[in-house]
Amino acid sequence: MPVVSYREALNQAMDEEMARDERVFLMGEEVAQYNGAYKVSQGLLAKYGPKRIIDTPIAEAGFAGIGIGSAMVGLRPIVEFMSWNFSLVAFDQIVNNAAKMLSMSGGNFNVPIVFRGPGGAAHNLAATHSQALESLYAHFPGLKVVMPSNPRDAKGLLKTAIRDNNPVIFIESEVMYGEKGEIPEGEYTIPFGTGDIVREGKDVTIVSWSKILQHITTKAVSRLAEENISVELIDPRTIKPMDWELIFNSVKKTNRLVIVEEGWPFAGVGAQISHEVSNHCFDFLDAPIERVTQEDVPLPYVHNLEVASLPNIQKVIRAVRKVMYLD
Amino acid sequence: MPESINILQSKMNHTKLKNNMQTDLLGLSPEILLKWYDEMLLIRRFEEKCAQLYGMGKIGGFCHLYNGQEAIATGSIGAINPDDYVITAYRDHGLAISKGLDPRRILAELLGKSTGTTKGKGGSMHLFSREKNFLGGHAIVGGHIPLAAGAAFASKYRDEKRVCLCFMGDGATNIGEFHEALNLAALWKLPVIYIIENNKYGMGTAVDRASAVDELHLKAAAYNMRNEVIEEGHNVLKVYQSVKAAVDHARKTYEPSLLEVQTFRYRGHSMSDPIHGHYRTKEEVEEQKKLDPITLFMGILTDTNLASEDYFNSAEERIKSIVDECVAFTENSSEPPLEELYTDVYAD
Ligand SMILES: Cc1ncc(C[n+]2csc(CCOP(=O)(O)OP(=O)(O)O)c2C)c(N)n1
Ligand SMILES: [Mg+2]
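Since we're looking at a predicted model, the values are computed, not measured.

Helix and strand counts for chain B stand at twelve helices and seven strands. Since a compact globule built from 348 residues should have a radius of gyration of about 20 Å, the 20 Å found for chain B is in line with a globular shape. Considering only contacts within chain B whose residues lie at least 6 apart along the sequence, 74% involve residues at least 24 apart. Put simply, chain B shows about 14800 Å² of open surface, and 53% of that area lies on carbon and sulfur atoms. Taken as two groups, the 38 positive and 48 negative side-chain charges of chain B have centres that lie 1 Å from each other.

As C-alpha cells, this is what we get:
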C-alpha cells in the first residue's frame, strides 16, 4: 500500500475528484499561486488552471457565499478556509445559507459544497487562532461534520464529501499535514457515519477523533496497556452523522466510556455522546461517563498554559482509571 | 514658538543656503526629530532581535515583523496625544513601541513571560495596554476595524476630543467589516483615522489580485469620507504631516479619514514564511529597501545639520543597550503560574 502524508492524501482526493467532475472547483486564500498556505493544493493550479483553482481576497463571508450561490445552481465548490477560525467571519453564510437552504426552500435548492481547512490548536497561536469548532458546526441541522485522523481517512472521506449533495464541514489539522500513513491502492471512498475501531479492547471504551486521537489518546492507550488496562479505542471519523451503533456496541461490551476531545466542555460533542450512551446503554454502564476536554477558558499563547489547558496523556489516563475505580 | 524651533529654523535656513535643501521640518523641534530617529531605530533593532529569538525557538507561534514600515508607526503616533487611542492588526510590535508600551514587556510577552504585556496570554499578535490606550493587536483580519470606530464613538459620546488611529494592511480592505465600519464612521461622524499600511501584498497576494480598486484610499469615496494617499510612506515627516492634518480635522469636526500609506515589508509575511518566495522577486525586495525609512531620515537629519555621524553612532549604542536590556529583563522573568489559566475569563 502506498504511504502518503495527510496533506498528499487530501491533495489526491481533490485532484481525483476534479478530474472526475468538471463542476468541482477549489477556492480560497492562497490556494492557487502560493499552492496553499499549508501546501494542500500543491500543483493543482498548474494542472487545472485559474478557472478552477481560484485565489480569493481576504473576504470569507464573500467567497463562502459565492461558493454557496454557485452550488445552488449546480456547481460543486470546495472552499478552503486558511484556518477554521476564519470561518467565523463567514458564519452567517454557512449557518443561514448553506445549512438551511434545502429545508427552507422546501427542497428546491440543495447546496453541494465542501468547506475545508485546518482546525484546532497548533502551537502558541493564542485564543483566536486555536479553536476546535466541531461541536459548534455539528449543532446546526443540515451540516455534516467530518474529522479524519489519518491519511487513509482523509482521502476517502474528502472524496465522499465532494460527492455529497449537502454542505460538509471538513476539519483537518495543521499539525497532522506532514504525518504519513498507508492508503489503499487506487480509487476508494469512505462512507460518512462509519466509525473505525482503532484498537480492540475489553475494559473501557474511549471515543476520540482527529489530532487528539493521534497525538494524545493513542499514546495514553498504549501506556494503559502496559498497566494491563485494555481500552477499545473508537474513531467516529464523522461527527455528524455519528456511528452510534459502533459506540453503543462497544460500551455494551466494556461497560465504561471516556470521551476525549479538543473542544471546550460546555455543549461539546462529548456531551452529546454522553447523553446518547446513557440513554441507550443505561443498564450496561458500570461507572459515570468521563470526559477529557480543553479547560473552559480561551486558549493562552504561552506554552505552559497551553499544555495545561488542552487534553494530555495524563488527563486521559486519569479519566480511564477513574471509570475503573482504580484511584 | 519654543526657542528650539527658532534655532531649528535658523539652522534650516543655513542648511538651505548651504545645500540648497528643500526639506521642510514642519516646525518640529530637534528633540522630537531625534527622538523619532531613535524610535525608528529601536523598532528596527527590536524586530531584528525578535527574528533571532524566533530562529532560536524562543518565540513561538506566528510572529509578524515591521521592518521597512517604521516611518508609519513613528510618524502617525507622533501626530497624536498619549490619551488618543491606537489599534492595529497582528503586525503590532512597532506600533506598540511607538505608543509607549515598554519594549521589555513586549519582548517578555513574545517569550511567554508573566511580565509580558498580557502575562503571556496573547503573544506577538495580541499586544495590549489599557494604560497607554493601545487597544490591541488583533489577529483576525479586519476584526478590529469596527472597534476603532467604537472607541471614536465613545470619545464623541463623552464630549472628548480623543481620536483613534486604526492601522490595517492592504489585504484587510477587502473584508466586509472594513466597509461596514467606514460607512458607520462617516455616517455618524466618528473621530477615527483609518490608516492602510499598503505594503503591496497580503501574504502572497499582490494588491491588484485581491482588490478591484488598487488605489485603496479611493474606497473612502463610497462612503463620502475624506481620504489621501501618502506616496512617500518611508518618509516619517510626510506620514506625520498627513496624519496630523487628519487628526486636526477629526478633533475639529469629528469627521473620519482614510489614509493610504505606501510602504514595504522587508521580511516574509510572518517568521514562518519565506522573504520573497514566488510572489515577489529578490530584486523587488532589494529595490524597495533603497527607500529605507531610517536611512532616509538619517539623510534628512544630516542635511539639516541636526545630527552627525557621532550622533548616529551613539544612537546605535544606546538602542543596542535598550534591546539588551529587553533580553535581560525577559530572561529574568518567569513563565506565568498555572493558576493564571483560569484568570481573566470573566470580569468581577
Ligand atoms: C479573517 C482572516 N482571514 C485570513 C487570515 C489569515 N491571514 C493573516 S494575515 C493575512 C494577510 C493580511 O494582509 P494585509 O492585510 O495586507 O496585512 P500585512 O500582513 O501585509 O501587514 C491573512 C490572509 C486571518 N488572520 N483572518
Ligand atoms: Mg499587506
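The next point concerns the coordination of the magnesium ion (ligand 2). All names here are of chain B. Looking at the magnesium ion (ligand 2), one finds its protein donor set to be D170 (OD), N199 (OD1) and Y201 (O), positioned 2.1 to 2.2 Å from the metal centre. Donor residues for the magnesium ion (ligand 2), ordered by position in the chain, follow D-x28-N-x1-Y. Taken as a pair, D170 in the loop between β2 (164–169) and α7 (176–187) and Y201 in strand β4 (residues 201–202) lie far apart in primary sequence, 31 residues in all. As far as burial versus exposure is concerned, D170 and Y201 are alike and both buried.

The next thing to look at is unusual backbone geometry. The amide bond that connects K240(A) to the next residue, P241(A), takes the cis arrangement and shows omega of 0 degrees. As for its placement among the helices and strands, P241(A) is situated in the loop between β12 (238–240) and α9 (244–254). With phi around 55 degrees, N133(B) is a residue other than glycine that occupies positive phi space. Mapped onto the elements, N133(B) comes out in the loop between α5 (103–110) and α6 (145–157). Exposure remark for N133(B): the relative accessible area of 12% places this residue in the buried category.

Quick look at the sheet that holds β12(A) now. Residue and element names in this part refer to chain A. The sheet built from seven strands is open, its strands ordered β3-β2-β4-β5-β7-β6-β12 with mixed pairing. Pairing within the sheet leaves two strands with one partner each, and these edge strands are β3 (53–55) and β12. Ignoring strand direction, the axes of neighbouring strands in this sheet form an average angle of 20 degrees. Here strand β6 (residues 144–146) runs beside strand β7 (residues 168–172); their pairing, made up of three bridges, is parallel. Along β7, the bridge assignment pairs V145 with I169.

Taken together, the contact between chain B and chain A spans 37 residues of the former and 29 residues of the latter. Carbon and sulfur atoms make up 66% of the surface buried where chain B meets chain A, a total of about 2700 Å² over both sides. The three residues of chain B that bury the most area against chain A are I140(B), R209(B) and L341(B), which together make up 23% of that side's buried surface. Counting across the interface, chain B meets chain A through one salt bridge. In this structure, the salt-bridge partner of D55(A) is R209(B), at a minimum N-O distance of 2.9 Å. Where chain B packs against chain A, one counts eleven residue pairs in polar contact (both at pLDDT 80 or more). Elements with a minimum of two residues in the side of chain B that touches chain A: α5 and α8 (207–210) of chain B. Along the lines of polarity and charge, the residues of the side of chain B that touches chain A split into 18 nonpolar, twelve polar and seven charged.

When we look at burial in helix α4 (residues 91–98) of chain A, the residues that qualify are Q93(A), I94(A), V95(A) and A98(A). In this fold, the buried residues of α4(A) make contact with α3 (60–72), α5 (101–104), β5 (114–118), α6 (134–138) and β7 of chain A.

A separate point is the side chain of R162(B). Residue and element names in this part refer to chain B. Within the secondary structure, R162 is located in the loop between α6 and β2. From its side chain, R162 meets the backbone oxygen of D83 in a polar contact 2.7 Å long. A polar side-chain atom of R162 sits 3.4 Å from a polar atom in the side chain of E160. The residues touching R162, leaving out its near neighbours within four places in the chain, are D83, D84, Y85, N133, S155, P191 and R251.

Here we come to a nonpolar patch on the surface. Residue and element names in this part refer to chain B. Side chains of F153, Y157, L184, L187 and W188 sit close together on the surface and give an oily, nonpolar patch of about 580 Å² of accessible area. If you list the elements that add at least two residues to the nonpolar patch, you get α6 and α7. Counting through the fold element by element, W188 comes out in the loop between α7 and β3 (192–198). Judged by its relative accessible area of 47%, W188 falls in the partly exposed class.

Conventions we followed
Residues numbered from 1 in each chain as written. Chains lettered and ligands numbered in written order. Predicted model: local features only at pLDDT ≥ 70, side-chain atom pairs only at ≥ 80, totals over all residues. Heavy atoms only, no water. Helix = DSSP H or I, 4+ residues; strand = E, 2+ residues; numbered from the N terminus. Rg over C-alpha atoms; globule rule 2.2 N^0.38 Å. Contact = heavy atoms within 4.5 Å. Areas by Shrake-Rupley, 256 points an atom, 1.4 Å probe, with all protein chains shown as cover. Lys, Arg positive; Asp, Glu negative; His and termini not counted. Charge placed at Lys NZ, Arg CZ, Asp CG, Glu CD. Donors = N, O, S within 2.8 Å, 3.2 Å for Na, K, Ca; no water. Buried < 20%, exposed > 50% of the residue type's maximum accessible area, 1.4 Å probe, protein only. Pairing = 2+ DSSP bridges. Axes fitted to C-alpha atoms, helices over the stretch in contact; angles between N-to-C directions. Buried area = accessible area lost by both parts, 1.4 Å probe. Salt bridge = Lys/Arg side-chain N within 4 Å of Asp/Glu carboxyl O. Polar contact = N/O pair within 3.5 Å; in protein donor to acceptor, adjacent residues only side chain to side chain. Nonpolar A, V, L, I, M, F, W, Y, C, P; charged D, E, K, R; others polar. Patch = residues over 30% accessible without salt bridge, like charges linked within 9 Å, V, L, I, M, F, W, Y side chains within 5 Å.

Geometry only, nothing functional implied.
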